[in-house]
Amino acid sequence: MSAQDGLARADEHAGWLVAELTRLRQTVATAESLTAGLVCATITRVPGASAVLRGGLVVYATDLKHSLAGVDSRLLADHGAVHPEVAAQLAEGALHRCGADWGLGLTGVAGPEPQDGAEPGTVYVALAGPGVRVVRTLHLPGGREEVRAGSVTCALALLREHVR
């Protein structure tokens, strides 16, 4: 799938989420590493997004995952930034630091080089919210832009699965 196709799917999820979160009077925030704010940017392409998007943390640098999103520094030291628990803590950090109902956390390797022992295309997407703490492990094909677009699509799809 091309990056354009991936983002078109993400736009579909974003449109549904803005409408449904608005109806439910719920909000979302993100802590994004490899996508560097692309999830928030995708949501804000939908008119009315300001009713549901609280904000986002771009935590591209490893130290910012701790200082801005509250990821445990020992976890980062022991396992690096590309780890499922890092994604979970990013989601929780977004939720708490931005005062949202839902938090999305994304970390991974867009490529072209491996990072923290993980191959390009390895992505962890997490969701935290009312009674929910879930992490998905993804192995996405393609180059940097395809991996980033696929990550956004999967993050929004994960939120869509749990919004009720």
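Residues numbered from 1 in each chain as written. Predicted model: local features only at pLDDT ≥ 70, side-chain atom pairs only at ≥ 80, totals over all residues. Heavy atoms only, no water.

Enquirer: So what's going on with the pairing of strand β2 (residues 53-58)? Residues and values would help.
Expert: For strand β1 (residues 28-32) and β2, the ladder comprises five bridges, and the chain directions are parallel. Counted as the bridge partner of T30 is G56 from β2. Tracing the backbone out of β1, into helix α2 (residues 38-44) and back to the parallel element β2 gives a crossover that is right-handed. (Pairing = 2+ DSSP bridges. Helix = DSSP H or I, 4+ residues; strand = E, 2+ residues; numbered from the N terminus. Right-handed = clockwise from strand over helix to strand, strands pointing away.)

Enquirer: Lay out the environment of V58 in plain terms, naming residues and giving numbers.
Expert: On the secondary structure map, V58 appears in strand β2. Its relative accessible area of 40% is what places V58 among the partly exposed residues. Taking C-alpha positions, V58 is 20 Å from L138, a pair spaced 80 residues apart along the chain. (Buried < 20%, exposed > 50% of the residue type's maximum accessible area, 1.4 Å probe, protein only.)

Enquirer: Provide a residue-level description of the sheet that holds strand β3 (residues 102-108), including the pertinent values.
Expert: Pairing between the strands of a sheet is mediated by backbone hydrogen bonds and can be parallel or antiparallel. With mixed pairing, five strands are arranged side by side in an open sheet as β2-β1-β3-β4-β5. Lying at the two open borders of the sheet, with one neighbouring strand each, are β2 and β5 (132-139). For this sheet the average axis-to-axis angle between neighbouring strands, irrespective of direction, equals 15°. Most of the contacts of helix α5 (residues 84-98) go to β3, to which it runs at about 145°, and overall it touches β1, β2, β3, β4 (122-129) and β5. (Axes fitted to C-alpha atoms, helices over the stretch in contact; angles between N-to-C directions. Contact = heavy atoms within 4.5 Å.)

Enquirer: How would you summarise α5 if you had to cite specific residues and measurements?
Expert: Since one α-helical turn is 3.6 residues long, residues separated by three or four positions face the same way. Spanning 15 residues, α5 covers 21 Å between terminal C-alpha atoms, matching the ideal 21 Å at 1.5 Å per step. Listing the buried residues of α5 in full gives V86, A87, A88, Q89, L90, A91, G93, A94, L95 and C98. (Expected span 1.5 Å × (residues − 1).)

Enquirer: Explain helix α6 (residues 144-162) to me, and be specific about the residues and the numbers.
Expert: Compared with an ideal rise of 1.5 Å per residue, which puts 19 residues at 27 Å, α6 spans 28 Å between its outermost C-alpha atoms and is within 8% of the ideal. Here α6 has its buried residues at V147, R148, A149, G150, S151, V152, T153, A155, L156, L158 and L159.

Enquirer: Can you break down the pattern of salt bridges residue by residue, with the values?
Expert: If you walk through the whole model with that rule in mind, you get seven salt bridges. Between E20 and R23 there is a salt bridge, with its nearest N and O atoms 2.5 Å apart. Of this pair, E20 and R23 both sit in helix α1 (residues 3-24), three residues apart, roughly one helical turn. Given the relative accessible area of 15%, E20 is considered buried. With relative accessibility at 56%, the residue R23 sits in the exposed group. A salt bridge links R74 to D78, with the nearest nitrogen and oxygen atoms 3.5 Å apart. (Salt bridge = Lys/Arg side-chain N within 4 Å of Asp/Glu carboxyl O.)

Enquirer: An account of the environment of G103 is requested, with residue identities and associated values reported.
Expert: Among the structural elements, G103 can be located in strand β3. When the C-alpha atoms of G103 and L127 are compared, they prove to be 5.7 Å apart, with 24 residues separating the residues in sequence. Sequence-distant contacts of G103, defined by excluding residues within four places in its chain, comprise A29, A91, A94, L95, A126, L127 and A128.

Enquirer: Residue-level account of the pairing of β3, with values.
Expert: Within β3, seven of the seven residues are buried, which leaves it mostly tucked inside the rest of the structure. What you see with β3 is no split at all: W102, L104, L106 and G108 on one side and G103, G105 and T107 on the other are buried throughout. Where β1 lies against β3, five bridges are found, and the strand directions are parallel. Looking across to β3, one finds that A31 is bridged to G105. Bridge count between β3 and β4: six bridges; the pairing is antiparallel. Note on β4: the bridge partner recorded for T107 is Y124.

In short, the description is geometric, and any link to function would need to be established separately.
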